[in-house]
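Listed here are the chains, written in short residue letters.
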Amino acid sequence: MKESSKSDSRNSKTPSTGSLPLILDIDKFKGEFSFDGLFGNLVNELLPSFQEEESDSAEGHGNIGGSDALANGHLRAPTDAAKLLQGLSPLFPEVDALLSLFRDSCRELIDLRKQIDGKLSNLKKDVSGQDSKHRKTLAELEKGVDGLFGSFARLDSRISSVGQTAAKIGDHLQSADAQRETASQTIELIKYLMEFNGSPGDLMELSPLFSDDSRVSEAASIAQKLRSFAEEDMGRQGISVPSVMGNATASRGLEVAVANLQDYCNELENRLLARFDAASQRRELSTMAECAKILSQFNRGTSAMQHYVATRPMFIDVEVMNADARLVLGDQVSQASPSDVARGLSSLYKQITDTVRKEAATIMAVFPSPNDVMSILVQRVLEQRVTALLDKLLVKPSLMNLPSMEEGGLLLYLRMLAVAYEKTQGLARDLRAVGCGDLDVEGLTESLFSSHKDEFLEHEQASLRQLYQAKMGELRAESQQLSESTGTIGRSKGASLASSQQQISVTVVTEFVHWNEEAISRCALFSSQPATLAANVKAVFTCLLDQVGQYITDGLERARDSLTEAAALRERFVLGTSVSRRVAAAAASAAEAAAAAGESSFRSFMVAVQRCGSSVAIVQQYFANSISRLLLPVDGAHAASCEEMATAMSSAEAAAYKGLQQCIETVMAEVERLLSAEQKATDYRSPDDGIAPDHRPTNACTRVVAYLSRVLEAAFTALEGLNKQAFLTELGNRLHKGLLNHWQKFTFNPSQFQRFHMKVLAKVPLSLFWI
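To start, this report covers the structure provided alongside it. Keep in mind that what you see is a predicted model, and the values were worked out from it rather than measured. (Residues numbered from 1 in each chain as written. Predicted model: local features only at pLDDT ≥ 70, side-chain atom pairs only at ≥ 80, totals over all residues. Heavy atoms only, no water.)

1. Section: the environment of Phe-449
Put simply, the rule is: Secondary structure elements are taken from DSSP: a helix is a run of H or I of four residues or more, a strand is a run of E of two residues or more, and numbering for both begins at the N terminus. Residue burial is assigned from relative accessible area. The probe radius is 1.4 Å, only protein chains are included, and a residue is buried under 20% of its type maximum, exposed over 50%, and partly exposed in between. Two residues form a contact once any of their heavy atoms are found within 4.5 Å.
Residue placement: Phe-449 occurs in the loop between helix H15 (441-448) and helix H16 (450-454). A residue is classified by how much of its surface remains accessible, and Phe-449, at 0% relative accessible area, is buried. Each C-alpha atom of the pair Phe-449 and Leu-417 lies 8.7 Å from the other, and the pair is 32 residues apart in sequence. Sequence-distant contacts of Phe-449, that is, excluding residues within four places in its chain, are made with Leu-390, Leu-394, Leu-417, Ala-420, Tyr-421 and Thr-424.

See the structure below:
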């Protein structure tokens, strides 16, 4: 925007009448047009002078309204002080000039609008004309494209027709060529077949193809085709191949050809196998691979695979088998131990794995189907080499005639079996890693031990019984030896020592548990299914229950025998009243000896009861820690074993109960003997007049209390819980009743009875009188 002239004076309040009209350029309105910018450009030449005048006047009046001026010419609402000044001077002195400017601008804008409207009208006309031409052109193009599409459709249809015709011709030509080729091959095959259908067994007049070593592969392929054709023809005629082989002189049909072809194929196969063997000895893998490829046409190469595996040194060298036995079993089989066998098997199986790995490299390079060859090789290793070793290592013992413990017993066989099975399973895993094709090597390994696993449980139970019997025999021998060594000491003392030697031993029960634990580990090794494992574990654990139950029951019975012998000894020295003093003294001395034997028997039985409880606790702990988790997966197995455990211990409980009853009888017999022997009639008489009463306990009371203190110490140590409470209650009741019966034999007044009664109660432990 431009102005032709400017205002001459800053204080002019009217626009200059001689100013030229504004010139507005249309280009100014192009692009990003802003009305605020246009307005600001129009008034900026007049507005600054007015702002300066206003600012000067505002300074003289306290700067009233000075901050209300804006850069674009707008003012804020005037304050009250500014309104007072409006009567002195105009608020906007340049308004007239601006109005004139705005009018000129408006006129120019109207002119510009008219110009633009005219241009727009011309442009519309031009656009309308061009659009008409464009539509006409498009219509003509559409007609041309439609024609072109029609031409292309006709051309495509023609090309398709020509292509189909060419394809048919090509198919006919290809079919004709195939028929010609087939006919040509058939003619050649018929010629070859006629050569084989000559005289039976005559293979001398054959074409050079069948004798040329350089064309062996082609000859083998043709021979196989001829065999298939001849056998198919014979099959249609209803003639079987075996009948032809048995009657090669027949002249009807192709029987002679089939027989001659079979002979030729056998001869060719043998020739190829011989060449394969020669190349194998020279390690010529390329020649071996060529022969194997040709032999694959005969029964899928099975003969070549089996021949290669059968000719491996580890299957035909007897020294290899002997070396295996020496490595595992040593020079003498009977002296081999499970640990030595384990080391030997680990070393041998490592050698076998390395050998198979080396053979696998050759097989991969030679045979077209290496997985099939690896299956045959691994199967041969397990069935021949490993089986031969296991037959020497695992000689199944007879259950009717068990091997002696000096030879290791059944336990040696079972340990050997476990070691062999575990190591052979490891060999199977290693062979699987090397590669064995589709062979179920794990199942084959299991089959090697099937006969042993079928009777494993019976051997395990028989072994546990044999170990138990051997241990019992050992304990009896030790007892007998001790009894013989103490024969000079005295019969009663030697018998007592022998009886103590046969006491229940926790160490022996722990040994039973160790045997059973080892047997359970073998059950876990040989039993893959949870149900089978639970059944085997239950059977083996039942053996432990029988052994422990029998052992502690026998121990308690032996301890009871001592109590019975002591009771018989006491009864032997019970005398009447009409005996001499000398006889009475001898009987009293013997009674003291019988009492000592009874007390010793009491202590021995209490020790047996204590060890019995410890033994049962060991079995229960073993059941909770090791057996329960193996039985829980099978419903009812755990509860059945718990019931069997309770049943097995019931006989021991019955023996313990009878023995405790005998212990009470022994204690009461000794108390009654002491009271009868030591109690005097004067102990309960009233003191003479003038003599102070004697409150000291009597000799009978002192000895009874001392005896009870000794035996009760043993009872308190051996018994626990409710067993202790029941025993002491019964003993207290019997003792109380016995004391009352004893005191009733004497004459005394109530005060004396109470005094002597309290003396006894003061010495006897109150726990005996739990009622």
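Next comes the rest of the write-up.
2. A few points about the pattern of salt bridges
The condition that has to hold: Any Lys or Arg side-chain nitrogen located within 4 Å of an Asp or Glu carboxyl oxygen qualifies as a salt bridge.
Using the criterion set out here, one finds 24 salt bridges in the structure. Of the charged contacts, one joins Glu-599 and Arg-603 as a salt bridge, the two residues approaching to 3.5 Å between their closest N and O atoms. Of this pair, Glu-599 and Arg-603 are both found in helix H21 (residues 581-631), four residues apart, which corresponds to roughly one turn of the helix. Residues joined in a network through salt bridges with shared partners are Arg-415, Glu-460, Glu-518 and Arg-522.

3. Quick notes on the side chain of Lys-471
With respect to the element layout, Lys-471 can be found in helix H17 (residues 456-485). Not counting residues within four places of it along the chain, the set of residues in contact with Lys-471 comprises Val-508, Glu-511, Phe-512 and Trp-515.

4. Notes on the packing of helix H13 (residues 370-393) against H15
Rule in force here: Interaxial angles span 0 to 180 degrees and are taken between N-to-C directions of axes, which are lines fitted to C-alpha atoms, for helices over the stretch in contact. We call two directions roughly parallel when the angle between them is under 35 degrees, roughly antiparallel when it is over 145, roughly perpendicular when it lies between 65 and 115, and oblique otherwise. By convention the crossing between two helices is left-handed if the near helix lies anticlockwise of the far one by an angle smaller than a right angle, and right-handed if it lies clockwise. Under the grouping applied here, Gly and all other residues not named as nonpolar or charged are polar, the nonpolar ones being Ala, Val, Leu, Ile, Met, Phe, Trp, Tyr, Cys and Pro and the charged ones Asp, Glu, Lys and Arg.
It is the contact of H13 with H15, at a shortest axis distance of 11 Å, that shows an interaxial angle of 25°. The pairing of H13 with H15 is recorded here as roughly parallel in orientation. Viewed along their axes, H13 and H15 form a crossing whose handedness is right-handed. Note on element contacts: H15 touches H13 through Val-441, Leu-444, Thr-445 and Leu-448, opposite Val-378, Gln-379, Leu-382, Glu-383, Val-386, Thr-387 and Leu-390. Among the residues making up the contact of H13 with H15, the classes are represented as seven nonpolar, three polar and one charged.

5. Brief notes about the nonpolar core
Rules: By convention a nonpolar core is built from buried Ala, Val, Leu, Ile, Met, Phe, Trp, Tyr and Cys residues, the set being connected through side-chain atoms within 4.5 Å.
Grouped together as the largest cluster of nonpolar side chains are 141 residues, with contacts concentrated most on Phe-367, Leu-556, Met-606 and Phe-727. Each residue touching Phe-367, except ones within four places of it in the same chain, is listed here: Phe-276, Ala-292, Ala-304, Met-305, Tyr-308 and Val-373.

6. Notes on H15
Short version of the rule: The arc in question is the one traced by the directions running from the helix axis out to the C-beta atoms.
The complete set of buried residues in H15 reads Val-441, Leu-444, Thr-445 and Leu-448. Down the axis, H15 shows its buried residues gathered within 100° of arc, on one side only. For H15, the secondary structure elements touched by its buried residues are H13, helix H14 (409-434) and H16.

7. Some words on unusual backbone geometry
Located in the positive-phi region is Arg-283, a residue other than glycine, with phi close to 60°. In this fold, Arg-283 is placed in the loop between helix H7 (255-282) and helix H8 (285-295). The exposure class assigned to Arg-283 is partly exposed, which follows from its relative accessible area of 48%.

8. Notes on the packing of helix H22 (residues 637-678) against helix H24 (residues 721-743)
Direction vectors running N to C along H22 and H24 enclose 25°, while the axes themselves pass 10 Å from each other. When the interaxial angle is binned, H22 and H24 end up roughly parallel. Crossing geometry of H22 relative to H24 is assigned as right-handed. Residues Leu-660, Cys-663, Ile-664, Glu-665, Val-667, Met-668, Val-671 and Leu-675 of H22 form the contact with H24, whose participating residues are Phe-727, Glu-730, Leu-731, Arg-734, Leu-735, Gly-738, Leu-739 and His-742. Class assignment of the residues belonging to the contact of H22 with H24 gives a composition of eleven nonpolar, two polar and three charged.

9. Details of H8
Those residues of H8 that sit buried are Thr-287, Met-288, Cys-291, Ala-292, Ile-294 and Leu-295. Down the axis of H8, the sector holding all buried residues measures 160°, keeping them to one side. Residues of H8 that are exposed and angled more than 90 degrees away from the buried face: Ser-286 and Lys-293.

10. Overview of a nonpolar patch on the surface
Quick reminder of the rule: Each patch is built from residues lacking any salt bridge and having more than 30% relative accessible area; the joining distance is 9 Å for like charges and 5 Å for nonpolar side chains (Val, Leu, Ile, Met, Phe, Trp, Tyr). Here the open area of atoms and residues is found with the Shrake-Rupley method and a 1.4 Å probe, where only the protein chains shown may cover a residue.
A contiguous nonpolar patch, built from Leu-148, Phe-152, Leu-155 and Ile-159 and spanning about 410 Å² of accessible area, is present on the exposed surface. Mapped onto the secondary structure, Phe-152 falls in helix H4 (residues 95-196).

11. Brief notes about the environment of Ala-428
Inspection of the secondary structure puts Ala-428 in helix H14. Put simply, Ala-428 and Thr-445 are 17 residues apart on the chain and 6.9 Å apart in space, counted from C-alpha to C-alpha. Dropping the residues within four chain positions of it, Ala-428 is found in contact with Val-441 and Thr-445.

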